[in-house]
Amino acid sequence: MRFRRFVVVLSILTTTVLLYLLHQILERGNGDTFNKSIFTSTESQPLYVAVVVCGQRMQEVLVMIKSALLFNSSREKLYFLIFAEERLTISFNEKLNDWRAIRPEFDFRLLPLQFPLNSEREWRNLFKPCAAQRLFLPSILETVDAALYVDTDILFLSPVADIWKFFKSFNGTQIAGVSPEHEDANVGWYNRFARHPFYGPLGVNSGVMLMNLTRMREFKWEEKVLPIYKEYKLRLTWGDQDIINILFYYHSEKLYLMPCEYNYRPDHCMYMNICNVSVEGIKVIHGNRGYFHSNKQPLFRTIYEAVESYQLGQNEYNEFLVPLREALQDSVILKTNCGKIWKDVLLVANKVFPKEFIGSA
């Protein structure tokens, strides 16, 4: 009788251990959780980068992540929080786990899309599919203190740590950081066309956004977002970006402005150079309105394709910087307005990847 009882207890314990181990293996395959850091408490916290992807934007997100890893020469701990449709999770897992074997300093977490239940379809389809998800990050990422949100059509041309340092420049009241929508009132969109209030004289672009999530929760961010949408929804053109502009119109003291080189867009060069990047270089480039896949200003497409073609683990100088430098000097690019700033594109890369740079090869 005792022996039978012992066998039963042993079987239960064995089953429990096996189920626990299986759970850990499956969890690891989907990236680590953000509720418990993969890094021990004695180590520095990772730099969180959040992105939302629906539809056909998966490849853009992968190229964005690759650009962050490519310029992460100091091997900062990066953690990507990817909100994605369920059908994309298998492909993301396969590719990112392959990359993690090459670049173990980063981790990722795939998260389901989460919108207010009583108006899920409305929020999901605001402006671009799922773009409004970013408005609800403070409550979803309740254990994350701060994150850098980026649109899918963003490429890093400098280390993530470079833009992350602006968190230390926030004063005691600021909860988020973005760049201006325009630098020149003559071609500004908000000051000429907006049918709602907006931040400052020219509005802001929210494609690259530092978010102090702890302060945003204390500010009761979402409780302020929902009434704004209800009041202005028929006057919104750019969806969640317009909502952010309206909110910071009423709470301007809560916003930190970053220089334009941290959200460099075609509007900065397509007519004339209105963002001076000749000293610091372009830090983060934004191919909005499809410019990464268009020949309207081929400089943007050339940069995107250079990052896309680079294979992690290759020598960064020989396999990325040299081909990009040559491609940017193509006559088709040089005769365009944006082609005039091709050297500024390379300013940071020239420092990060000098000729003697060995990298990860």
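This structure is a prediction, so every number in the text was calculated from the model and none was measured.

Calculation criteria
- Residues numbered from 1 in each chain as written.
- Predicted model: local features only at pLDDT ≥ 70, side-chain atom pairs only at ≥ 80, totals over all residues.
- Heavy atoms only, no water.
- Helix = DSSP H or I, 4+ residues; strand = E, 2+ residues; numbered from the N terminus.
- Contact = heavy atoms within 4.5 Å.
- Areas by Shrake-Rupley, 256 points an atom, 1.4 Å probe, with all protein chains shown as cover.
- Axes fitted to C-alpha atoms, helices over the stretch in contact; angles between N-to-C directions.
- Parallel < 35°, antiparallel > 145°, perpendicular 65-115°, else oblique.
- Left-handed = near helix turned anticlockwise from the far one by under 90°.
- Pairing = 2+ DSSP bridges.
- Buried < 20%, exposed > 50% of the residue type's maximum accessible area, 1.4 Å probe, protein only.
- Core = buried A, V, L, I, M, F, W, Y, C linked by side-chain atoms within 4.5 Å.
- Expected span 1.5 Å × (residues − 1).
- Polar contact = N/O pair within 3.5 Å; in protein donor to acceptor, adjacent residues only side chain to side chain.
- Phe/Tyr/Trp six-rings, centres within 6.5 Å; stacked < 30°, edge-to-face > 60°.

A.B. asks: Kindly report on the overall build of the chain, identifying the contributing residues and their values.
C.D. replies: Looking only at helices and strands, one finds 15 helices and 9 strands in the chain. Contacts spanning at least 24 positions in sequence make up 74% of the contacts within the chain whose residues lie at least 6 apart. Within the structure as shown, the chain displays about 17000 Å² of accessible surface, and the carbon and sulfur contribution to it stands at 54%.

A.B. asks: Break down the packing of helix α11 (residues 298-309) against helix α12 (residues 316-328) for me, citing the residues and quoting the values.
C.D. replies: Relative orientation of the contacting elements α11 and α12 amounts to 160 degrees, with a least axis distance of 10 Å. Classed by the angle they form, the pair α11 and α12 counts as roughly antiparallel. Taken as a pair, α11 and α12 cross one another with a handedness that is right-handed. Contact with α11, carried on its side by Leu-299, Thr-302, Ile-303, Ala-306 and Val-307, involves Phe-320, Leu-324, Ala-327 and Leu-328 of α12 and no other residues of that element.

A.B. asks: Before we move on, can you summarise the sheet that holds strand β7 (residues 204-212) with the specific residues and values?
C.D. replies: Judged by pairing direction, the sheet is mixed, and its 7 strands sit side by side in the order β3-β2-β1-β4-β7-β6-β8 without closing on themselves. For this open sheet the edge positions go to β3 (106-111) and β8 (255-257), each flanked by a neighbour on one side alone. Adjacent strand axes in the sheet meet at a mean angle of 25 degrees when their direction is disregarded. Across 3 bridges, strand β6 (residues 176-180) lies against β8 in parallel orientation. Across the sheet, residue Val-178 finds its bridge partner in β8, namely Leu-257. Packing of helix α3 (residues 89-102) onto the sheet brings it into contact with β1 (47-53), β2 (78-84) and β3, and relative to β3 it is tilted by some 175 degrees.

A.B. asks: Account for unusual backbone geometry, naming residues and giving values.
C.D. replies: Non-glycine residue Lys-220 carries a positive phi angle of around 60 degrees. On the basis of relative accessible area, Lys-220 is assigned to the partly exposed category, the value being 46%. The phi angle at Arg-289 is positive, at roughly 60 degrees, despite the residue not being glycine. Along the polypeptide, Arg-289 turns up in the loop between β9 (284-286) and α11. A relative accessible area of 43% places Arg-289 in the partly exposed class.

A.B. asks: Requested: an account of the side chain of Gln-133, with residues and values cited.
C.D. replies: Examined against the element boundaries, Gln-133 turns out to sit in the loop between α4 (120-124) and α5 (137-140). Not counting chain neighbours up to four residues away, the residues in contact with Gln-133 comprise Val-52, Phe-83, Pro-112, Leu-113, Gln-114, Phe-115 and Ile-140.

A.B. asks: Break down the packing of helix α9 (residues 221-232) against helix α10 (residues 240-250) for me, with residues and values.
C.D. replies: Put simply, α9 and α10 touch, their axes get as near as 10 Å, and they point 110 degrees apart. The orientation of α9 relative to α10 falls into the category roughly perpendicular. Every pair of crossing elements has a handedness; the one defined by α9 and α10 is right-handed. Every residue of α10 that contacts α9 at Trp-221, Lys-224, Val-225, Ile-228, Tyr-229 and Tyr-232 is listed here: Ile-243, Ile-244, Ile-246, Leu-247, Phe-248 and Tyr-250.

A.B. asks: Please give an account of the environment of Ala-176 that cites residues and values.
C.D. replies: As for its placement among the helices and strands, Ala-176 is situated in strand β6. In this structure, Ala-176 is in contact with Phe-170, Met-209, Leu-210, Phe-248, Lys-254, Leu-255 and Tyr-256, ignoring residues within four places of it in sequence.

A.B. asks: I'd like a rundown of the nonpolar core, residues and numbers included.
C.D. replies: With 121 residues, the main nonpolar core has Ile-82, Phe-92 and Trp-221 as its most contacted residues. Ranked by residue count, the leading element in this core is helix α2 (residues 58-70), at 9 residues. In this structure Trp-221 touches Leu-135, Pro-138, Ile-175, Met-209, Met-216, Ile-244, Leu-247 and Phe-248, once residues within four positions along its chain are discounted.

A.B. asks: Kindly report on α12, identifying the contributing residues and their values.
C.D. replies: Note that an α-helix has 3.6 residues per turn; residues three or four places apart therefore point the same way. Here α12 spans 17 Å end to end across 13 residues, near enough to the 18 Å set by a 1.5 Å rise per residue. Within α12 the residues assigned to the buried category are Glu-316, Tyr-317, Phe-320, Leu-321, Leu-324 and Leu-328. Contact partners of the buried residues in α12: α2, α11, α13 (331-334), α14 (342-345) and α15 (347-352). In this structure Asn-315 caps α12, since a side-chain oxygen of it lies 3.1 Å from the backbone nitrogen of Tyr-317.

A.B. asks: Lay out the packing of aromatic side chains in plain terms, naming residues and giving numbers.
C.D. replies: One pass over the structure, following the stated rule, counts 22 aromatic pairs. A centroid spacing of 5.8 Å and a plane angle of 40 degrees characterise the contact between Phe-166 and Tyr-256, whose relative ring orientation is tilted. On the criterion of sequence distance, the pair formed by Phe-166 in the loop between α6 (160-164) and β6 and Tyr-256 in strand β8 is long-range, its members being 90 residues apart. For Phe-166, a relative accessible area of 9% gives the class buried. Here the aromatic rings of Tyr-249 and Tyr-250 are separated by 4.9 Å at their centres, their planes lie at 85 degrees, and the arrangement is edge-to-face. Under the relative-accessibility criterion, Tyr-250 is labelled partly exposed at 47%.

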